[in-house]
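Topology and contacts: notes
Listed below, chain by chain, are the residues.
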Amino acid sequence: MRQPSPSAIERVRSLAATATPTTAALADDPSARFSVRGAVDHAGRAVLLLDADHPLHEALRATRYGRADLAVGVDLSALRHVGQTPTVRARLWCEGWVSAVPADERREAALAVWEGTPDEGLLAAVDNDPTPDAPLLARVEPAMVIYDTYDDAGIIDGDAFLAAPPDPLTRTAERIIAHVNDCHRDELGAVLRDVADAPEGAAWLWELDGHGATLWVTPYGEGGRHRPVLVRLPWSAPATAPCELERALHGLIAHRHAPR
């Protein structure tokens, strides 16, 4: 039995786990956007590292204990390198309420940011008694998430978004994808030859999860390359552990290269 694709909400939660905050805006002035940096924590909340002169830092410091009914929107971007070109896999607009990360949770929040953006400012941000000019860790509790991927778009309620866990193999999948796209592109192209209705073209591994693999294919044709298409290849059995995910992908490639 071929495995189904992940549900939209599971897929978006998994995309969010690899996404990076890029810009933010206060809800009462959405036209004024400013740059942000940070990560998405294990719960699905955007964590922001704010310097002392950042507008959100100033707004939170002006409130008691750094907590306020302060509504913001944060733009999250998930990228995939197709060759040397960074390509947007998904854009997520997270609308919700921002607050300073409580002292007993700053270390965990800082580690989430450090994984993607090592920054010395994180050391000062986790201080139990930070000075007014120290960087501040803040997080956004989503009330609504608007998503736009290459092949889908929609809106997810914030509570439903937080309640849906991402694919537990997401981190492992990202490492495998990077390796395969660097070292095994020829094998990916060979896989397409036996897939009904798949175009002939340059292929990259785009998504990988417990249900299957998705290839990004740029078809060849007259006048150059055409608009890329996504080709979904489901597993015959679900992968629930990193070794099973590696085995499923290896089996897919090995099957295409088996003697006929």
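As a reminder, the structure under discussion sits directly above these lines.
Attention in this report is confined to the structure presented alongside it. Residue positions within a chain follow its written sequence, with the count starting from 1. pLDDT decides what is reported in this predicted model: residues at 70 or higher carry local features, side-chain atom pairs at 80 or more are listed and counted, and totals for whole chains, interfaces and linings draw on all residues regardless. Side-chain measures here rest on the full set of heavy atoms in the structure, leaving out hydrogens and waters.

Topic: the environment of Thr240
We count it as follows: The way it works is that DSSP assigns letters per residue, a run of H or I at least four long becomes a helix, a run of E at least two long becomes a strand, and they are numbered from the N terminus. Buried means the residue's accessible area, taken with a 1.4 Å probe over protein chains only, is under 20% of the maximum for its type, while exposed means over 50%, and partly exposed covers the values in between.
The topology assignment puts Thr240 in the loop between strand 11 (229-234) and helix 8 (242-257). On the accessibility criterion, Thr240 (60% relative accessible area) is exposed. In this structure the C-alpha to C-alpha distance between Thr240 and His179, which are 61 residues apart in sequence, comes to 20 Å.

Focus: the nonpolar core
Rules: Remark: nonpolar core denotes a set of buried residues (Ala, Val, Leu, Ile, Met, Phe, Trp, Tyr, Cys) joined through side-chain atoms within 4.5 Å.
Ranked by internal contacts, the top residues of the largest apolar core, which has 30 residues, are Leu56, Val74, Leu92, Val98 and Val140. Mapped by element, the contributors of at least two residues to this core are helix 1 (8-17), strand 4 (46-50), helix 2 (55-61), strand 5 (67-82), strand 6 (85-100) and strand 7 (136-149). Within the second largest apolar cluster, 23 residues are counted, among which are Leu169, Ala203, Val217 and Leu245.

Let's talk about the pairing of strand 7
Using the following cut-off: Two strands form a pair only when DSSP identifies at least two bridges running between them.
One ladder, built from 5 bridges, connects strand 4 with strand 7; its direction is antiparallel. Paired with Leu50 across the strands is Leu136, a residue of strand 7. As judged from the 11 bridges shared by strand 6 and strand 7, these two strands associate in the antiparallel manner. Looking at strand 7, one finds that Ala90 is bridged to Thr149. Where strand 7 meets strand 8 (residues 153-157), 5 bridges bridge the pair, whose relative direction is antiparallel. Within strand 8, the position partnered with Ile146 by the bridge is Ile155. Adjacent in sequence and paired antiparallel, strand 7 and strand 8 are bridged by 3 residues.

Quick look at the packing of aromatic side chains
Where two aromatic rings form a pair, the distance of their centres and the angle of their planes describe that pair. What counts is decided by this rule: In this analysis, rings of Phe, Tyr and Trp, with Trp reduced to its six-membered ring, are considered paired at centre separations within 6.5 Å, and the interplanar angle assigns stacked below 30 degrees, edge-to-face beyond 60, and tilted for intermediate values. Think of it as a cone above the ring: NZ of Lys or CZ of Arg counts as a charge over the ring if it is within 6 Å of the ring centre and within 35 degrees of the ring normal.
Scanning all chains against the criterion turns up 2 aromatic pairs. Judged by centre distance (4.8 Å) and plane angle (55°), the rings of Tyr150 and Trp216 are tilted. Within this pair, whereas Tyr150 is found in the loop between strand 7 and strand 8, its partner Trp216 is found in strand 10 (residues 212-219), the two being separated by 66 residues in sequence. The partly exposed category is assigned to Tyr150, whose relative accessible area is 25%. Put simply, the rings of Tyr150, Trp206 and Trp216 pair up and form one aromatic cluster. The ring of Phe161 has Arg13 sitting right over it, with the charged end atom 5.3 Å from the ring centre. Looking at Arg185, its charged tip hangs above the ring of Trp204, at a distance of 3.8 Å from the centre.

Some words on the pattern of salt bridges
As a reminder, the rule being used: Every case where a carboxyl oxygen of Asp or Glu lies within 4 Å of a side-chain nitrogen of Lys or Arg is listed as a salt bridge.
Under the defined criterion, the tally for this structure stands at 11 salt bridges. Close ionic contact of Arg11 with Asp151 constitutes a salt bridge, the shortest N to O distance being 3.0 Å. Here Arg11 is found in helix 1, whereas its partner Asp151 is found in the loop between strand 7 and strand 8, with 140 residues between them in sequence. Residue class for Arg11 comes out buried when judged on its relative accessible area of 16%. Across the pair Arg89 and Glu174 runs a salt bridge, and its minimum N-O distance is 3.5 Å. A residue pair is termed long-range when its members are at least 10 positions apart, and Arg89 in strand 6 and Glu174 in helix 6 (residues 170-183) qualify at 85 residues. Among the charged side chains, a salt-bridge network with shared partners connects Arg11, Asp151 and Glu207.

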